Amino acid sequence: MKLMTGNTTWTVEELAGKLGTTYRTVYRYIETFREAGFAVRKVRTGVYELVTMGRRERDINRLVYFSDEEAGIINGLIEGLDNTNALKQNLHQKLAAIYDVAPVTDFISKESNAMNVRELSDAIRGKRCVVLRDFKSSSGRTGDRHIEPFAFTTNYIHVWGYDLDDGRCKMFGIARIGEVDVLENEAWTHEDDHRREQMDVFRMSGQRTIRVKLQLDMLARDLLLEEYPLAAQDLKPGQEEGSWLLDTSVCALQGVGRFAIGLADHVKVLDSPELESYIRAFTSRFLPQFQNNFVL
């Protein structure tokens, strides 16, 4: 980030050389900056910089831009002001001027997300139940979910809710919700059961944990940290030269399992019988199907 906000512009290849990594890794960093809300500008082919609010303002803390959800919420709050309020137009103009890389007007089309967040926020404050209309599950099924919403995750990506149909707490992706229907006459009845499940470094949540150990080579280590930066707290150098040991607890085997399977020639599973069983079952089920999809 310091290199990309300095007085000198560097090519991706030059950044890779200075950081001792590959140009592909640099591109992943740049994409991560974008996803985290930073404004990245392409100067020319192979040259990128982090855009600031002004050429004289190069401090890192002046680089943060709103996420989609945050910009949508702010836009919705401004729209909620009375038209006679003299500040309303000024706020719109300032936001549009400052965030020229991602103008606030770009988020008007995503008003449904902002509206859903506002409705959920009101329901949480008023301790009211809601119905998530046309919710799209990760399995591809669409239907309504009757829940007691009680908390948001970082950046309003998910909402925690007590599912009244199956009696347990779950995370629901905001972007998967068609519409939020607040049930004004239905108050919470399971507040004592409102608990956020713990989340592992692979972003899987659950109530139980499973201990897993992986031996990684340098490539697997770099990819792990790029994709799952929280894993750094459970990483340490391995006994073999150039190896790293990930010793962590996971809430579900899907995340770590898919990571290990995808990098099978760079990852070795150590003393983790449940993970080994998961990988064997997964490969025996899907590998033949995967191979049949190709005509060699």
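Residues numbered from 1 in each chain as written. Predicted model: local features only at pLDDT ≥ 70, side-chain atom pairs only at ≥ 80, totals over all residues. Heavy atoms only, no water.

Undergrad: So what exactly am I meant to see when it comes to the side chain of aspartate 200 here?
TA: As for its placement among the helices and strands, aspartate 200 is situated in the loop between β8 (198–199) and β9 (205–206). What aspartate 200 contacts, discounting residues up to four positions off in sequence, is Ser249, Val250, Cys251 and Ala252. (Helix = DSSP H or I, 4+ residues; strand = E, 2+ residues; numbered from the N terminus. Contact = heavy atoms within 4.5 Å.)

Undergrad: Looking at this structure, how should I read the sheet that holds strand β6 (residues 168–173)?
TA: Strand pairs in the sheet, formed through backbone hydrogen bonds, run parallel or antiparallel to each other. One open sheet holds the five strands; their spatial order is β6-β5-β4-β3-β7, and the pairing between them is antiparallel. One side of each edge strand has no neighbouring strand; the edge strands of this open sheet are β6 and β7 (179–187). Ignoring which end each strand starts from, the neighbouring axes of this sheet average 45° apart. Two strands pair when backbone bridges link them, and strand β4 (residues 142–152) and strand β5 (residues 158–163) are joined in this way by five bridges, in the antiparallel orientation. Residue pairing in the sheet places alanine 151 in a bridge with tryptophan 160 of β5. (Pairing = 2+ DSSP bridges. Axes fitted to C-alpha atoms, helices over the stretch in contact; angles between N-to-C directions.)

Undergrad: Hey, could you run me through the pairing of β6 in this one?
TA: Side chains on a regular strand alternate between the two faces of the sheet. With six bridges connecting them, β5 and β6 associate as antiparallel partners. Among the inter-strand pairings, tryptophan 160 is bridged to a residue of β6, identified as methionine 171. The antiparallel pairing of β5 with β6 creates a hairpin that spans four residues between the two strands, and glycine 167 there sits at a positive phi of about 70°.

Undergrad: Would you take a moment to explain the sheet that holds strand β10 (residues 210–216) for this structure?
TA: Pairing is antiparallel across the open sheet formed by four strands, whose spatial order is β11-β12-β10-β13. Because the sheet does not close on itself, it has two edges, and the strands there are β11 (235–237) and β13 (267–270). Mean inter-strand twist for the sheet, computed between neighbouring axes without regard to direction, equals 25°. Examined bridge by bridge, β11 and strand β12 (residues 244–250) share three bridges and lie antiparallel to one another. Bridge pairing in β12 links lysine 236 to leucine 245. Each of β10, β12 and β13 is contacted by helix α7 (residues 253–262), which is oriented at about 15° to β10, the strand it contacts most.

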